[in-house]
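# Report on the structure
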Amino acid sequence: MRIKQVVIHGEGKVSLDDAEISDATPPGEILVETEATFISAGTELSGYQGLNPGRPMPGPPDYPLAPGYLNVGRVLAVGDDVHEFRAGDRVFSFARHASHHYAAVDGVVVAVPEEIDSQTAAASWLAGIALTSVQASDVSLNDWVAVFGLGMVGNLAAQLFKLSGARVIGIDPVPFRRGLAREVGIEHTVGGSDEEVGSRIRELCGPEGAGITVEAVGHSRVAEEAAELTAPYGELILLGTQRADYQADLTHLMRQIHWKWLDVKGAQVWRIPLRPARGVKHSSYRNALLVLDLIKSGRLEIDKLISHRMRPDEIADAYELLLNSKDTCSGIAIDWT
């Protein structure tokens, strides 16, 4: 079967290409025709820029890459032993930017409520990523939480902490992102220099800082700043993936952790089990259903964060827009219909 698929061929080189997949639906899988995908700015742009796209070891990516993992489409056919879905169902899956794909139903494939449009549903898993910061924390009612970085994932983390009963501060140097955060209900947003950010956080939270800080940028310097503004016995949650080199003296950071008795917690989403298991509270499957329910009920806002909706053949423009227009571009959905 001939399909269309986005491919990154090298640093700064991406295109929509022809590809082939089998005509026969494998047992335990479904054939899906894509309606919408969403660009993961962190993972995909790191591959596009030749950075390490979330690998455990340093080094450039292996090209060519078929990027993407946020996909919503309609089931066209089901393989043997598939009882959960039938033709016509609309589903979310961890699939690439492609016109058609096969998805194994024993992974993370969930039905999408008809009340949610496909582009919003494709973006929904970014809230699943953000949710790991909440689930890794010990947040309690009325805690102060400072989220550093108000890109798509940071914005959603701020919303989810607020839903958990916390008082949230969003920190970002870009006025456009701070404005979006306020639009979706984050009352306190801060920009400016490190000194201005620190002063405002201490003004709101008290002189010791926030009980929980979340690094949602993926930059070690920001994590260092967040540690400085975390209150004694507090938590620093590392939500972003650090990819760029950062040269610094670790002593100051270690002293913050040691002297203030901070808990530093990693919140890498792929460390959560994919499927529910006995004795395990969280799973990607359960979280995917959870965030779709929050969107359906109107408690979590994603649609306002989608600034651009583009065609698959505009993928090169989409990547460049995300890379170079952070003051106007918050998130890009790809419409395959």
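Above: the structure in question.
Let me sum up the structure you'll find in this document.

## Details of the sheet that holds strand β10 (residues 188-190)
Hydrogen bonds along the backbone pair up the strands of a sheet, which may run parallel or antiparallel. With parallel pairing, six strands are arranged side by side in an open sheet as β10-β9-β8-β11-β12-β13. Both edges of this open sheet fall to β10 and β13 (263-266), since each of them pairs with a single strand only. Pairs of neighbouring strands in the sheet enclose a mean axial angle of 20 degrees, with direction left out of account. By the bridge criterion, five bridges tie strand β11 (residues 210-215) to strand β12 (residues 230-238) in an arrangement that is parallel. The partner of Val214 across the bridge, within β12, is Ile237.

## Brief notes about the packing of aromatic side chains
Scanning all chains against the criterion turns up seven aromatic pairs. The interplanar angle of 35 degrees and the centroid separation of 6.3 Å between the aromatic rings of Trp125 and Trp270 together place this pair among those described as tilted. Pair noted here: Trp125 is in helix α3 (residues 125-136) and Trp270 is in the loop between β13 and α9 (284-296), with a separation of 145 residues, a long-range link. Classification of Trp125 by relative accessible area gives buried; the value is 1%. Taken together, the ring pairs connect Tyr69, Phe92, Phe94, Trp125 and Trp270 into an aromatic cluster. Lying over the aromatic face of Trp259, Arg255 brings its terminal NZ or CZ to 4.6 Å of the ring centre. Here Arg275 stacks its cationic end above the ring of Tyr285, 4.2 Å away from the centre of that ring.

## Things to note about the nonpolar core
Judged by nonpolar contacts, the single largest core of 53 residues is most densely connected at Phe38, Leu126, Met152 and Leu156. Of all the elements in the fold, those that place two or more residues in this core are β3 (29-38), α2 (118-123), α3, β8 (144-148), α4 (152-163), α5 (175-183), β11 and α9. If near-sequence neighbours (up to four positions away) are discounted, Leu156 is found in contact with Leu126, Ala127, Ala130, Leu300, Glu301, Ile302 and Leu305. Of all hydrophobic cores here, the second largest spans 18 residues; its members include Ile169, Ala227, Leu229 and Leu262.

## Some points on the packing of helix α7 (residues 220-228) against helix α8 (residues 251-260)
Relative orientation of the contacting elements α7 and α8 amounts to 35 degrees, with a least axis distance of 9 Å. When you trace α7 past α8, the crossing you get is left-handed. For the pair α7 and α8, contact is made by Glu224, Ala227 and Glu228 and by His252, Leu253, Gln256 and Lys260, respectively. Among the residues forming the contact of α7 with α8, the class breakdown is two nonpolar, two polar and three charged.

## Here's the deal with helix α1 (residues 41-48)
Inspection of α1 places Glu44, Leu45, Ser46, Gly47 and Tyr48 among the buried residues, and these make up the whole buried set. On its buried face, α1 sits against β1 (2-10), β2 (13-20), β3 and α10 (315-324). Phi turns positive, to about 80 degrees, at Gly50, one or two residues after α1.

## Digging into the pairing of β8
Most of β8 sits out of view: five of its five residues are buried. Side chains of β8 alternate between two faces, with Trp144, Ala146 and Phe148 and Val145 and Val147 buried alike. For the crossover that starts at β8, traverses α4 and ends in the parallel strand β9 (residues 167-171), the hand is right-handed. Both β8 and β11 contribute to a ladder of four bridges, which runs parallel. Looking at β11, one finds that Ala146 is bridged to Thr213.

## Things to note about the side chain of His188
Mapping His188 onto the fold places it in strand β10. Residue class for His188 comes out buried when judged on its relative accessible area of 17%. Setting aside anything within four residues of it in sequence, one finds His188 in contact with Trp144, Val168, Ile169, Gly170, Arg200 and Leu204.

The rules behind the values
- Residues numbered from 1 in each chain as written.
- Predicted model: local features only at pLDDT ≥ 70, side-chain atom pairs only at ≥ 80, totals over all residues.
- Heavy atoms only, no water.
- Pairing = 2+ DSSP bridges.
- Helix = DSSP H or I, 4+ residues; strand = E, 2+ residues; numbered from the N terminus.
- Axes fitted to C-alpha atoms, helices over the stretch in contact; angles between N-to-C directions.
- Phe/Tyr/Trp six-rings, centres within 6.5 Å; stacked < 30°, edge-to-face > 60°.
- Buried < 20%, exposed > 50% of the residue type's maximum accessible area, 1.4 Å probe, protein only.
- Lys NZ or Arg CZ within 6 Å of the ring centre and 35° of its normal.
- Core = buried A, V, L, I, M, F, W, Y, C linked by side-chain atoms within 4.5 Å.
- Contact = heavy atoms within 4.5 Å.
- Left-handed = near helix turned anticlockwise from the far one by under 90°.
- Nonpolar A, V, L, I, M, F, W, Y, C, P; charged D, E, K, R; others polar.
- Right-handed = clockwise from strand over helix to strand, strands pointing away.

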